[in-house]
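# Structural description and commentary
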Amino acid sequence: MSRIRAEGLGVSLDGREVLSGVDLRVRDGGWLAVIGANGAGKSTLLKALAGVLPCTGEVLVGDMPLRRLPPRRRARLIAYAPQSPALPADMTVFDYALLGRTPYIPYLGRESRADREATASVLRRLGLEPFASRRLGRLSGGERQRVVLARALVQQAPVLLLDEPTTALDLGHQQQVLELVDRLRLADGLTVVTTLHDLSVAGQYAEEMALISRGRVAASGAPADVLTEELIDEHFGARVRVETGPGGRPGVHLERPR
Ligand SMILES: Nc1ncnc2c1ncn2[C@@H]1O[C@H](COP(=O)(O)OP(=O)(O)OP(=O)(O)O)[C@@H](O)[C@H]1O
């Protein structure tokens, strides 16, 4: 069964249709990478799946329409890490990550010891323990990005939506973050949807891909079906060479025009 799916999803912003007729489904425990050129509508799609943007059509989590779920219930099902959220500069890393526990903390209640332990455990797994008491305004771009991911993981929701989770990260941290997400997916059955600009990285981790072009799904399927030289030329205007790597996963290499 699909864990999350979109049916005829449409979004208009400032009177302009930014997404239209988007149908997608991600199986329980799957990983869908959403790719596409700048401005194609990837972030908008993730926001619509997270329920933070008004849209037409339907987003279903399991069999439940997202719009019918009250906010706390929704937050227990879907965790969303935006691309570059505004962070309160004076808040500590630990307190910010702890916000991920909000849907589990009773109204007017305080976080439990288990909430604090869950938060500490995620910080440890992301190598952020040494930063726990550091204020957000005093972090590098890559550290900030990992803290945003930490908050989403602390939420322990079965669906994880990550908008460009690795853009500010060095190669080692990119690998650390994506491997962690994949381990959680395999161990806990998380369902992952992520936008990724690096097509080779997307092809390494995703089980399925959706290529968005001008607000519509232009191609979808296994990485090898979507990452083709023709589709990349047509939708990114880029000349590339695609080579099949281990496990049949495609690697995308830029080719200099002659
Ligand atoms: N709040 C807004 N009001 C009006 N138009 C918007 C708004 N946010 C985004 N857009 C437009 O919607 C389109 C899709 O934007 P979106 O951020 O989803 O693209 P994207 O595929 O994530 O791009 P990128 O790769 O550059 O991050 C773009 O043309 C963008 O200019």
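For the structure, check the block above.
Residues numbered from 1 in each chain as written. Predicted model: local features only at pLDDT ≥ 70, side-chain atom pairs only at ≥ 80, totals over all residues.

### Looking at the environment of Y80
Relative to the helices and strands, Y80 resides in strand β6 (residues 78-81). In this structure the C-alpha to C-alpha distance between Y80 and Q145, which are 65 residues apart in sequence, comes to 13 Å. Among residues more than four places away in sequence, those in contact with Y80 are L46, A50, V52, A152 and L161. (Helix = DSSP H or I, 4+ residues; strand = E, 2+ residues; numbered from the N terminus. Contact = placed C-beta atoms within 7 Å.)

### Observations regarding the pairing of strand β8 (residues 191-195)
Burial runs high along β8: five of the five residues are buried. The two faces of β8 match: T191, V193 and T195 on one face and V192 and T194 on the other face are all buried. Bridge analysis of strand β3 (residues 31-35) against β8 gives four bridges, and the strand direction is parallel. Within the sheet, the bridge partner assigned to L32 lies in β8 and is V193. The pairing of strand β7 (residues 159-163) with β8 spans five bridges and is classified as parallel. (Buried ≥ 20, exposed ≤ 12 C-beta atoms within 10 Å, placed from the backbone. Pairing = 2+ DSSP bridges.)

### A short note on the site of the ligand
Neighbouring residues of the ligand: L13, D14, V18, G36, N38, G39, A40, G41, K42, S43 and T44. It is helix α1 (residues 42-50) that contributes the most residues to the shell around the ligand, three residues altogether. (Near = placed C-beta within 6 Å.)

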